[in-house]
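# Report on the structure
What follows is the residue order along each chain.
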Amino acid sequence: MNDPQNPDRARPKAEQLPLVFSHVTASSRDDLLVSAPLNAAVSIVDAWPNWPSPVVILAGPIGSGKSHLANIWREKTGAADIHPVAGSHAARKAENGPVMFEDADRNGFDDTELFHVINSVRENGTSLLITTRLWPSSWPVTLPDLRSRLKAATVVEIGEPDEDLLAQVLMKLFADRQLYMDDKLISYIVARMERSLDAAQTIVDKLDRLALARGIRITRALAAEVLNEPGNDVDDD
């Protein structure tokens with residue numbers, strides 16, 4: 001029987017509402033959900049320092065898991081973040097240990113500085129991890145020596161997440177917030193959402209906040225409302 005003084009007391013675990021800011025999204029190696037699109041990238045991160053080349057480039061679409069893998073590698077290696085532009089002293093940082101350059105295609109770089117970074121990595125026996133949405137052959141590189149260095153790098157492609165991975169990710173993101181969803185609701189969301197890990201994060205965050213604000217549990221109707229917001233891909237047959 002429901003307690004009118006405490007309506008949550010009789011609620012099953014799956015319906016309990018989280019406290020604001022009570023969740024922590026896990027992003028360690030142990031929390032990484034591995035599926036076919038991530039296999040090669042996970043293997044190369046796990047294989048460090050036994051890399052086939054001192055420079056590894058992870059290429060994949062937005063929301064494919066590059067940032068999660070980069071964070072795992074940073075924690076594993078103690079890598080310093082760099083942005084190879086004039087005056088950044090990025091090449092000097094590469095002399096002392098592993099370095100990482102995220103979102104190379106979006107953040108841009110100075111050809112000469114990146115060339116010096118790669119040379120420093122090679123000469124000092126360190127490592128460089130680069131993340132990007134585009135393959136290096138698509139970067140606007142004009143320095144021939146840099147193009148040569150990039151061709152010698154190991155490029156690992158990350159594919160778009162499949163439905164199985166998205167379902168696992170949604171389950172994990174809800175669990176991070178102490179919410180345990182029905183498989184049918186997860187399947188409903190996966191069938192209608194954008195195929196990206198970023199989209200999964202956004203949807204879970206919106207559902208959590210909306211349910212909390214209204215004092216209700218997360219239902220298919222609430223999921224449909226969130227999925228029908230502008231910017232979400234929906235196929236609600």
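Here is a short report on the structure shown in this document. (Residues numbered from 1 in each chain as written. Predicted model: local features only at pLDDT ≥ 70, side-chain atom pairs only at ≥ 80, totals over all residues. Heavy atoms only, no water.)

All right, on to the packing of helix α1 (residues 39-47) against helix α2 (residues 66-77) then. In the contact formed by α1 and α2, the axes pass within 10 Å of each other and the chain directions differ by 10°. Between α1 and α2, the angle falls in the class roughly parallel. Residues A41, V42, V45, D46 and A47 of α1 form the contact with α2, whose participating residues are L69, I72, W73 and K76. (Axes fitted to C-alpha atoms, helices over the stretch in contact; angles between N-to-C directions. Helix = DSSP H or I, 4+ residues; strand = E, 2+ residues; numbered from the N terminus. Parallel < 35°, antiparallel > 145°, perpendicular 65-115°, else oblique. Contact = heavy atoms within 4.5 Å.)

Take the side chain of T126 next. Structurally, T126 is set in the loop between α5 (111-124) and β4 (128-132). By relative accessible area, which is 12% here, T126 ends up buried. Apart from the residues lying within four places of it in its own chain, the contact partners of T126 are P54, A94, E95, N96, G97, P98, S120 and V121. (Buried < 20%, exposed > 50% of the residue type's maximum accessible area, 1.4 Å probe, protein only.)

The next thing to look at is the packing of helix α7 (residues 163-176) against helix α9 (residues 197-214). Relative placement of two packed helices is described by the angle separating their axes and the distance separating the axes. Contact pair α7 / α9: the axes reach a minimum separation of 10 Å and the direction vectors enclose 35°. As α7 runs across α9, the sense of the crossing is right-handed. Contacts from L166, V169, L170, L173 and F174 of α7 reach α9 at L197, A200, Q201, V204 and L207. Classifying every residue of the contact of α7 with α9 gives nine nonpolar, one polar and no charged. (Left-handed = near helix turned anticlockwise from the far one by under 90°. Nonpolar A, V, L, I, M, F, W, Y, C, P; charged D, E, K, R; others polar.)

Attention now moves to the packing of aromatic side chains. Within the structure shown, the criterion is met by four aromatic pairs. Plain terms: the ring middles of W48 and W73 are 6.3 Å apart, the flat faces sit at 90° to each other, and that makes the pair edge-to-face. You can see W48 sitting in the loop between α1 and β1 (55-59) and its partner W73 sitting in helix α2, a full 25 residues away along the chain. Members of the aromatic cluster, joined through ring pairs, are W48, W51 and W73. (Phe/Tyr/Trp six-rings, centres within 6.5 Å; stacked < 30°, edge-to-face > 60°.)

Next up on the list: the sheet that holds β1. Spatially, β2-β3-β4-β1-β5 is the arrangement adopted by the five strands of the open sheet, whose pairing is parallel. Looking at the sheet topology across the chains shown, the edges are occupied by β2 (80-81) and β5 (154-157). Alignment of β1 against β4, held across five bridges, turns out to be parallel. From the neighbouring strand, A59 faces β4, where its bridge partner is T132. With respect to the sheet, α2 is in contact with β1, β2, β3 (99-101) and β4, its orientation differing from that of β4 by roughly 165°. (Pairing = 2+ DSSP bridges.)

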